[in-house]
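Structural characterization, general
So the chains spell out like this:
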Amino acid sequence: MENEANSHKHVVPSKEKFGRAVPLLVIVVVIAALTRFSGLSHPREVYFDETYYANDAVVYLEGREAFRDNLDARYGGTSRASQIVPVGAVPGEISWVHPPLGKWAIAIGIILFGKQPLGWRALPATFGTVAVGLVFVIAWLLWEKRSWAFLAALMVAVDGLEITMSRVAMLDIFAATFMLASFACLLAERHRLTRMRQSLLTSTSGVTDGQGIYPDPTGSIHSYPRQNPDEPWDAVYQDLEYSQDFEYSVQWRDESPRSSLGSKRYLALSGVLMGLALASKLNALFAWVIVVVFALVWYVQLRAPTTRASDAIMNCLPRVLTLLVFVPALVYVISFTRFYVDNAAGSIVKNPLGTLSEFVKLQVNTVKYHSTMRQDHPYKSSPQSWPLMWRPIAFWYHDYQNGMRGHILAVGNPVLWWSYLLCFPALLGLIVAKRRWQDIFVLAGYAGQYLPWFASSRTAFFYYMLPVVPFMALTIVSVVGSLRKRVRQAVFMGLGSAALLAGIAFYPIWTGIPIAESIWSRLMLFRSWI
C-alpha cells in the first residue's frame with residue numbers, strides 16, 4: 001500500500017508550486033492578449049460570418065427591426081432595408097440554427113464599445129485569451145510542471161487558427177473556451193479523488209469516540225466501529241468483512257465538513273460550463289460525451305480499495321447524471337430565454353403551450369439543418385485533410401492599390417500542427433507502454449472531438465478543428481516530456497522558439513496586416529491555401 005500511495009503523489013497539485021508557476025502563466029496570457037487584441041478593429045467592416053452573428057447580436061439587443069438596419073450597410077456592405085424580416089427563432093434572427101449564448105456574448109461587447117468592429121470582436125478576443133490561460137491550467141493539472149504548461153499554452157497562444165477565431169465575431173471560440181474550462185474542472189475533480197485515495201492509503205490516525213472514518217473517493221464515507229484507535233488502517237481493511245448487509249446498511253455522508261456541496265463543486269462547475277459550451281455551439285456535444293465518460297471511469301478507478309467497481313458506479317452515477325447530464329441540458333434550455341419572450345407563437349407568458357411547441361420545433365429543425373446541410377462552398381474541405389492544413393479558409397482578402405495585400409487566413413501554426421503529426425504515433429506508443437492516464441485523456445480530447453466529423457455528411461470547414469488545437473499542444477508536450485532531461489529541455493526550447501518565430505512570420509496573414517505581394521506569396525505554402 002505504501003508503494004501504491006507513493007505512486008499517486010506526483011499527480012496531487014501543490015498550491016505552493018502553482019504559485020511559482022503564476023509568472024509564466026501571466027507571461028503567456030499577455031502574449032495571447034497582444035496577438036488577439038492588437039489592431040482588433042481591422043478590417044473596419046463586417047467580414048465572413050460576422051454578417052450573421054454580429055447582426056443577430058444587435059437583433060437580440062434592439063429587436064426585429066435591427067435586421068433591416070444591419071451592420072453590413074453601416075460599413076459599406078449589403079443593405080437589408082428592403083428585405084422581409086425573417087421569423088425563425090427570435091424574429092429577425094438569421095443564425096437561428098445555432099444556440100444563442102455566443103450571440104449574447106457578442107452583444108455584451110457591442111454594449112460596452114458600441115456598434116463598431118471593436119464592439120462585436122471584443123468578447124471573442126477576450127475568450128480567446130482566456131482559453132490560453134486554461135490550456136496552461138490543464139497542462140499543470142496533468143503534469144504539475146511549469147515548463148510543460150508554459151510550452152503547451154505558448155503554442156496555443158501563437159497558433160493561427162486560435163488567433164483568427166479569436167478576432168472574428170463567430171461562436172466557435174466561446175464554445176471552445178467553455179469546453180476547456182469544463183475539462184479543467186473535471187481534472188480538478190480527479191485530483192480531489194486522488195487526494196482522498198492518497199489520504200486513505202496513508203492514514204494511521206484521526207479517529208475519535210471509537211468511530212472509524214472510511215473515506216470513499218467517489219464522494220462519501222463509511223462509518224463503522226473501530227475498537228483500537230491506534231490500529232493502522234491497512235490492518236482494518238484486511239480484517240474488515242465487507243458483507244452485503246454492510247454495503248447497503250452503511251450510512252453515507254459527504255466527506256467535506258463545510259457543506260454537502262463541498263465535494264461536488266468541481267463536478268457542478270464542469271457541468272455548468274459544459275452547458276454554457278452547448279449553449280454557444282452544438283459541436284460541444286462531442287466534448288460533453290468525453291467529460292461524462294471520464295468522470296465515470298475515474299470515479300471507478302479511484303474508488304476506495306475495499307469498494308467494488310459495481311458499487312462505485314452505483315454510488316457516483318446519480319451525481320454524474322445530475323451534474324454532468326441534467327445540469328448542462330438545463331443550462332442549454334435556459335439560454336433560450338430571449339426566445340421564450342419573443343417567438344412566432346408570441347411569448348411564454350401569453351402562449352405557454354405555443355411557445356413550448358415552437359421550442360421543440362426549433363430544436364428539431366436545428367438537428368435537420370446540421371445533419372443535412374450540403375452546399376457548394378469554395379473553402380469546404382474534408383476531415384481527413386484537416387490535420388495537414390491542406391484547405392484552410394480565407395475569412396477576408398483585399399488588394400491595395402499600392403501593391404500590398406491584406407489577407408485573413410484561418411490556418412494553423414505549421415510548427416504546432418506538423419509537429420503534432422510526428423508526435424501522434426509516439427503518443428499511441430506511450431499509451432501502450434506506460435498506460436498513463438494523462439496520455440489517454442489527451443488522446444481522447446483530440447480523437448473524441450475530431451473523429452466524429454468523419455460520420456457527418458454535411459458541408460464542413462477547416463476551422464471545425466478549433467477545439468482540438470489545445471490537445472495537439474498537450475500531445476507534443478507529453479511526448480517530448482518523456483525524453484531524457486537534457487534532450488527534453490533542448491527540444492522544449494527549440495519547439496517554443498520555432499513556434500514563436502513562425503507566429504511572427506505568419507501573423508500578417510492571420511490578422512489582415514497589409515504586406516507586400518512577394519511576402520504574401522512566400523507565406524502561401526500550398527496553392528490550396530489561395
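Look above for the structure.
Notes on the structure follow. (Residues numbered from 1 in each chain as written. Predicted model: local features only at pLDDT ≥ 70, side-chain atom pairs only at ≥ 80, totals over all residues. Heavy atoms only, no water.)

Here we look at the overall build of the protein
- Helix and strand counts for the protein come out as 21 helices and 6 strands.
- Out of the 530 residues belonging to the protein, those deemed buried represent 55%.
- Total accessible area on the protein stands at roughly 22,900 Å², and carbon and sulfur atoms take up 62% of it. (Helix = DSSP H or I, 4+ residues; strand = E, 2+ residues; numbered from the N terminus. Buried < 20%, exposed > 50% of the residue type's maximum accessible area, 1.4 Å probe, protein only. Areas by Shrake-Rupley, 256 points an atom, 1.4 Å probe, with all protein chains shown as cover.)

Concerning the nonpolar core
- Within the largest apolar cluster, 154 residues are counted, with the highest numbers of intra-cluster contacts made by Leu161 and Phe395.
- Examining the composition of this core, we find that 15 residues originate from one element, helix α6 (residues 117-143), more than from any other.
- Apart from the residues within four sequence positions on either side, Phe395 is in contact with Tyr47, Phe48, Thr164, Met165, Val168, Met170, Ile408, Ala410 and Tyr463. (Core = buried A, V, L, I, M, F, W, Y, C linked by side-chain atoms within 4.5 Å. Contact = heavy atoms within 4.5 Å.)

Here we look at the packing of aromatic side chains
- The full count for this structure, using the stated rule, is 42 aromatic pairs.
- Aromatic pair Trp386 and Trp453: ring centres 6.3 Å apart, planes at 70 degrees, arrangement edge-to-face. Here Trp453 lies in the loop between α18 (437-450) and α19 (469-481) and Trp386 lies in the loop between α16 (352-372) and β4 (393-399), a separation of 67 residues in the sequence. Each member of the pair, Trp386 as well as Trp453, carries the same accessibility label: buried.
- A centroid spacing of 6.1 Å and a plane angle of 80 degrees characterise the contact between Trp386 and Tyr464, whose relative ring orientation is edge-to-face. In this pair, Trp386 is assigned in the loop between α16 and β4 and Tyr464 in the loop between α18 and α19, connecting sequence segments 78 residues apart. In this pair, the class of Trp386 matches that of Tyr464, namely buried.
- The ring of Tyr266 has Arg265 lying over it, and the distance from NZ or CZ to the ring centre is 4.8 Å.
- The ring centre of Trp520 lies 4.3 Å from the NZ or CZ of Arg405, which sits over that ring. (Phe/Tyr/Trp six-rings, centres within 6.5 Å; stacked < 30°, edge-to-face > 60°. Lys NZ or Arg CZ within 6 Å of the ring centre and 35° of its normal.)

Thoughts on the side chain of Ser270
- Within the fold, Ser270 resides in helix α12 (residues 265-278).
- According to the relative accessible area criterion, Ser270 is buried, its value standing at 0%.
- Residues contacting Ser270, with those up to four places away along its chain left out, are Ser182, Cys185, Leu186, Val291 and Leu324.

Considering the packing of helix α17 (residues 414-434) against helix α20 (residues 485-511)
- Running from N to C, α17 and α20 cross one another at 135 degrees; their axes reach a closest spacing of 8 Å. Judged by the angle between their axes, α17 and α20 are oblique. Residues Pro414, Val415 and Ser419 of α17 form the contact with α20, whose participating residues are Leu495, Ala498, Ala499, Ala502 and Phe506.
- Here the contact of α17 with α20 is composed, by residue class, of 7 nonpolar, 1 polar and no charged. (Axes fitted to C-alpha atoms, helices over the stretch in contact; angles between N-to-C directions. Parallel < 35°, antiparallel > 145°, perpendicular 65-115°, else oblique. Nonpolar A, V, L, I, M, F, W, Y, C, P; charged D, E, K, R; others polar.)

Considering the sheet that holds strand β5 (residues 404-410)
- The sheet built from 3 strands is open, its strands ordered β4-β5-β6 with antiparallel pairing. If you trace the sheet from one side to the other, it starts and ends with β4 and β6 (515-516), each paired once.
- Pairing of β4 with β5, which is carried by 6 bridges, proceeds in the antiparallel orientation. When the sheet's bridge partners are listed, His398 is paired in β5 with Gly406.
- Packing against the sheet, α20 makes contact with β5 and β6, and its axis sits at approximately 90 degrees to β5. (Pairing = 2+ DSSP bridges.)

Describing the pattern of salt bridges
- Applying the stated criterion across every chain yields a total of 16 salt bridges.
- With a closest N to O distance of 3.1 Å, Arg74 and Asp69 form a salt bridge.
- Two residues, Arg192 and Glu189, come together in a salt bridge whose shortest N-O distance is 2.9 Å. Residue Arg192 and its partner Glu189 are both found in helix α9 (residues 172-202); the two are separated by 3 residues, about one turn of the helix.
- In this structure Arg192 comes out as buried when scored by relative accessible area, which is 6%.
- Ionic contacts of the salt-bridge type, sharing partners, join the residues Arg64, Arg338 and Asp342 into one network. (Salt bridge = Lys/Arg side-chain N within 4 Å of Asp/Glu carboxyl O.)

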